[in-house]
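Here is what each chain is made of, one letter per residue.
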2 protein chains.
Amino acid sequence: MSGLVRERCQACAPGTPPLPEADIAQLMDQVAPAWIRSGPGLRRHQRTSDFAEAFGLATRIALLAEREGHHPELRLGWGYLEVELTTHAAGGVTRNDFIMAAKIDRLLEPSSGGRA
Amino acid sequence: MSGLVRERCQACAPGTPPLPEADIAQLMDQVAPAWIRSGPGLRRHQRTSDFAEAFGLATRIALLAEREGHHPELRLGWGYLEVELTTHAAGGVTRNDFIMAAKIDRLLEPSSGGRA
């Protein structure tokens, strides 16, 4: 499991630079392959068995987001949940997004026991 | 307040026809002006003060959806919540979508006390 899950998101002032591409490439290897680059951020699409499962996962991600002070965009409906991560203050991806991605992976992987 | 809020969503078999345009136009007058036609469905965008407010409203809509057996697509992030209603079995808008829209209006209008 990625060491990112032991980190905490840090407050990010406007003007913080996004990560260099080389760093992003390295960190992409530390999160699930389901994460893809999408516009300025990261996106993961997860199939679910129905609406309730999608909303249940969204709820756990929402609580994680409040704890970390770093908030994703969520899209969900019957049978799917989609998570988008971007650091708006940086206009792109920062380490915070990868910390969130790694912790969300832990919630979404049934084999992990879902702790985050 | 629209009489739609006293109705319940009805089970909808595949092949159910979408509403004729004249009926849609009439029902659009019974829901909040914030609802717009969007692709095959209806969409309402709501600003919120932060992520927690958006997720709180989404939670109430999710519980309503489970009660009615009719599920929207939700998109939310820091400062906004967006709701999309379509009847997939009909490939368009049915009365169920307007029943949901009217009940969601009641949740989103602070002056209503938020009962649904």
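To start, this report covers the structure provided alongside it.

Basis of the calculations
Residues numbered from 1 in each chain as written. Chains lettered and ligands numbered in written order. Predicted model: local features only at pLDDT ≥ 70, side-chain atom pairs only at ≥ 80, totals over all residues. Heavy atoms only, no water. Least-squares fit on C-alpha atoms with pLDDT ≥ 70 in both. Helix = DSSP H or I, 4+ residues; strand = E, 2+ residues; numbered from the N terminus. Buried < 20%, exposed > 50% of the residue type's maximum accessible area, 1.4 Å probe, protein only. Polar contact = N/O pair within 3.5 Å; in protein donor to acceptor, adjacent residues only side chain to side chain. Contact = heavy atoms within 4.5 Å. Buried area = accessible area lost by both parts, 1.4 Å probe. Salt bridge = Lys/Arg side-chain N within 4 Å of Asp/Glu carboxyl O. Nonpolar A, V, L, I, M, F, W, Y, C, P; charged D, E, K, R; others polar. Pairing = 2+ DSSP bridges.

**As for the relation of the copies chain B and chain A**
Then comes step 1: Expressed as a screw operation, the relation of chain B to chain A combines 0.0 Å of axial shift with a rotation of 180°, fitting to an RMSD of 0.0 Å. Here the copies are linked by what is in effect a two-fold axis. Residue Arg75(B) of chain B places its C-alpha closer to the rotation axis than any other residue of that unit, at 2.1 Å.

**Observations concerning the side chain of Gln46(A)**
All names here are of chain A.
Then comes step 1: Relative to the helices and strands, Gln46 resides in strand S2 (residues 41-47).
Then comes step 2: By relative accessible area, Gln46 is classed as buried at 16%.
Then comes step 3: At a separation of 3.0 Å, a polar atom in the side chain of Gln46 contacts the side chain of Arg44.

**What to know about the interface of chain B and chain A**
Then comes step 1: Between chain B and chain A, the residue contacts involve 18 residues of the former and 18 residues of the latter.
Then comes step 2: Both sides of the chain B and chain A interface together cover about 1,500 Å² of buried area, and 62% of this is carbon and sulfur.
Then comes step 3: In this structure, the connection of chain B to chain A is made through 2 salt bridges.
Then comes step 4: In this structure, the connection of chain B to chain A is made through 6 residue pairs in polar contact (both at pLDDT 80 or more).
Then comes step 5: Secondary-structure elements contributing two or more residues to the side of chain B that touches chain A are helix H2 (51-68), strand S3 (73-77) and strand S4 (80-85) of chain B.
Then comes step 6: Ranked by the residues each element gives to the side of chain B that touches chain A, the list is headed by H2(B), at 8 residues.
Then comes step 7: For the side of chain B that touches chain A, a count of residues per class yields 11 nonpolar, 3 polar and 4 charged.
Then comes step 8: Judged from the 3 bridges that link them, strand S3 (residues 73-77) of chain A and S3(B) form a sheet pairing that is antiparallel. Bridging from a neighbouring strand, Arg75(A) pairs with Arg75(B) of S3(B).

**Concerning the environment of Arg43(A)**
All names here are of chain A.
Then comes step 1: Residue position: Arg43 is located in strand S2.
Then comes step 2: Under the relative-accessibility criterion, Arg43 is labelled partly exposed at 27%.
Then comes step 3: Residues Arg43 and Leu74 lie 31 residues apart in sequence; the distance between their C-alpha atoms is 9.8 Å.
Then comes step 4: When neighbours within four sequence positions are excluded, Arg43 is seen to be in contact with Ala34, Trp35, Ile36, Ser38, Glu82, Val83 and Glu84.
Then comes step 5: Among the polar contacts made by the side chain of Arg43, one reaches the side chain of Ser38 at a distance of 3.3 Å.

**A closer look at the side chain of Asn96(A)**
Then comes step 1: Take Asn96(A): it is sitting in helix H3 (residues 95-108).
Then comes step 2: Residue contacts for Asn96(A): discarding those within four places in its chain leaves Cys9(A), Gln10(A), Cys12(A), His70(A) and Thr87(A).

**Comments concerning the pairing of S3(A)**
Two faces belong to every sheet, and in a regular strand the side chains alternate between them.
Residues and elements named next belong to chain A.
Then comes step 1: Taking burial as the measure, the 5 residues of S3 include 4 buried ones, the bulk of the element.
Then comes step 2: Pairing between S3 and strand S4 (residues 80-85): 5 bridges, direction antiparallel. When the bridges of S4 are listed, Gly77 appears paired with Tyr80.
Then comes step 3: Between S3 and S4, which follow one another and run antiparallel, lie 2 residues, and Gly79 among them has a positive phi close to 95°.

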